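Overview (structure and organization)
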Amino acid sequence: SDLKVGICIYKFNDYFMTLYREELKSYLMSQYGIAEGNITIMDSKGDQEEQNTQIDNFLSHDVDVLILNLVQASAAESIVNQCKEAGVPVVFINREPEESELKRWADEAIAAAYVGADAEQSGTFQGEIILETPNKGDFNGDGVVSYAMIMGDPETVDAQYRTEFSIKALEDGGMKTEKLFEQHGDWDQTRGQELAASALAQYGDKLEVIFCNNDAMALGALQAIEAAGRTVNKDIYLVGVDALVEVVENVMNDKMTGTVFNDYFGQAHKAADVALDFVNGKDVDNVYMVDYVKVTAENASEILELIK
Ligand code: GAL
């Protein structure tokens, strides 16, 4: 219980990372008996400079281990070097550093690890959800799925791979695709609503699917779809990622087509386990990936039980 854990979250104003951070804290307390006062969680406010200052501060106050949700994944290298110098192990979560950097930790036996989920898999599942609909995403029967893509922060692997692999899955499933619209909504519900409204105004009935890189933006897109007088699953499909409670309920009630469960329980628990393994001198791998789960009307009620 004397152990001191320093945690930075890229920004508190993010729906999914809020669930993640709450689970991380409660698991560290319940599973490892760490005192609440010894777990410090900082809001990096979307600013890497600010996060660097928070990390400096943690290191000068002798934390035993750091758990970091980077603002910019490219910052990993210098932070790892700084932690190594200070003799403090570090576990990165959610925002995946570059592969060469992950490899360096293994090659140089550095006490650093990444716990995340395979972004390609989440994109593939999104594409498969559309393929599993009665018309495979092609409402007007012209043989082409005409879609809008609402992206998260373009610097993250999650946004890049979800965008790429959702469409790849559709094409691998034999569909032709046409991108009508693609813009960054930075994981934010209001931005998702604004962008979907603008895509709907520009392309009207031509638009058959709206892909959102996460559920917060998909909830915004749903508002725009309803405001435009369109109906999900009747004349347009809508899919997100994360499996927020409200979204899973919408999927159950035929108001959204599907989502992909981004398992923050599994990720938070693994991150804490790895952090404690480092502290206790156990053998630790450098990369851990937690599986995503496809969510459609078929299994939405099971998933809801898991997350509620
Ligand atoms: C993603 C998640 C998004 C957002 C992002 C932050 O994995 O799907 O909702 O939280 O992480 O990096």
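Residues numbered from 1 in each chain as written. Predicted model: local features only at pLDDT ≥ 70, side-chain atom pairs only at ≥ 80, totals over all residues. Heavy atoms only, no water.

**Observations concerning the site of the ligand**
Short version of the rule: Near is defined per residue: the residue qualifies when any heavy atom it owns lies within 4 Å of the molecule or strand. Contacts described as polar in this section are N or O atom pairs within 3.5 Å, which, within protein, must combine one atom able to donate a hydrogen with one able to accept it, while residues neighboring in sequence count only if both atoms come from side chains. Surface accessibility in these figures is a Shrake-Rupley result with a 1.4 Å probe; residues are shielded only by whichever protein chains are displayed. In this text, helices come from DSSP runs of H or I with a minimum length of four residues, and strands from runs of E with a minimum of two, each type numbered from the N-terminal end.
In the region of the ligand, the neighbouring residues are Tyr10, Asp14, Phe16, Met17, Asn94, Arg95, Asp158, Arg162, Trp187, Asn214, Asp242 and Asn262. Asp14 is positioned with one of its side-chain polar atoms (N or O) 2.9 Å from an oxygen atom of the ligand. Residue Asp242 places a side-chain N or O atom 2.6 Å away from an oxygen atom belonging to the ligand. In isolation the ligand has 310 Å² of accessible area, and contact with the protein removes 99% of it. At the level of elements, α1 (15-32) and α6 (157-172) are the ones that each hand at least two residues to the shell around the ligand.

**Some points on the side chain of Asn69**
Let me state the cut-off plainly: Should any heavy atoms of two residues lie within 4.5 Å, those residues are counted as being in contact.
With respect to the secondary-structure elements, Asn69 resides in the loop between β3 (65-68) and α3 (76-86). Here Tyr10 takes part through its backbone nitrogen, which lies 3.0 Å from a polar atom of the side chain of Asn69. A polar atom in the side chain of Asn69 sits 3.1 Å from the side chain of Asn94. Dropping the residues within four chain positions of it, Asn69 is found in contact with Cys8, Ile9, Tyr10, Met17, Gln51, Ile93, Asn94 and Arg95.

**Let's talk about the nonpolar core**
Going by this rule: Nonpolar cores were defined as sets of buried Ala, Val, Leu, Ile, Met, Phe, Trp, Tyr and Cys residues, with membership established by side-chain atoms within 4.5 Å. Classification of residues uses two cut-offs on accessible area relative to the type maximum, computed with a 1.4 Å probe and protein chains only: under 20% is buried, over 50% is exposed, and between them is partly exposed.
In this structure, Leu28, Val91, Ile210, Phe211 and Leu238 are the most contacted members of the largest nonpolar core, which totals 84 residues. Per-element accounting of this core gives the leading share, eight residues, to helix α10 (residues 264-279). Other than its neighbours up to four places away in sequence, Ile210 contacts Ala148, Ile150, Ala196, Ala221, Ile225, Ile236, Tyr237, Leu238 and Val239. Counting 21 residues, the second largest nonpolar core, distinct from the first, contains Ile55, Val63, Val80 and Val90.

**Some details on the sheet that holds strand β7 (residues 176-184)**
Our working rule: Being paired, for any two strands, means DSSP has found at least two bridges between them. Simply put, an axis is a line fit to the C-alpha atoms, just over the touching stretch for a helix, and the angle between two N-to-C directions goes from 0 to 180 degrees.
Pairing is parallel across the open sheet formed by four strands, whose spatial order is β7-β6-β8-β9. Two strands bound the open sheet, and with one partner strand each, they are β7 and β9 (237-239). Mean inter-strand twist for the sheet, computed between neighbouring axes without regard to direction, equals 20 degrees. For strand β6 (residues 144-151) and β7, the ladder comprises eight bridges, and the chain directions are parallel. In the sheet register, Tyr147 faces β7, and the bridge partner there is Lys179. In the packing of α6 onto the sheet, the strands contacted are β6, β7 and β8 (209-212), and the crossing angle to β6 comes to about 170 degrees. Sheet contacts for helix α8 (residues 215-227): β6, β8 and β9; angle to β8, the most-contacted strand, approximately 155 degrees.

**A short note on the sheet that holds strand β2 (residues 39-43)**
An order of β2-β1-β3-β4-β5-β11 is seen for the six strands of this open sheet, with the pairing classed as parallel. Strands at the two margins of the open sheet, each flanked by one partner only, are β2 and β11 (287-290). Sheet twist, expressed as the mean angle between neighbouring strand axes with direction ignored, is 15 degrees. Pairing of strand β5 (residues 112-117) with β11, which is carried by four bridges, proceeds in the parallel orientation. Along β11, the bridge assignment pairs Ala117 with Val290. Helix α4 (residues 99-107) rests against β4 (90-93), β5 and β11 of the sheet, and its axis sits at about 140 degrees to β5. Where α10 meets the sheet, it contacts β3, β4, β5 and β11, and its direction lies at approximately 170 degrees from that of β5.

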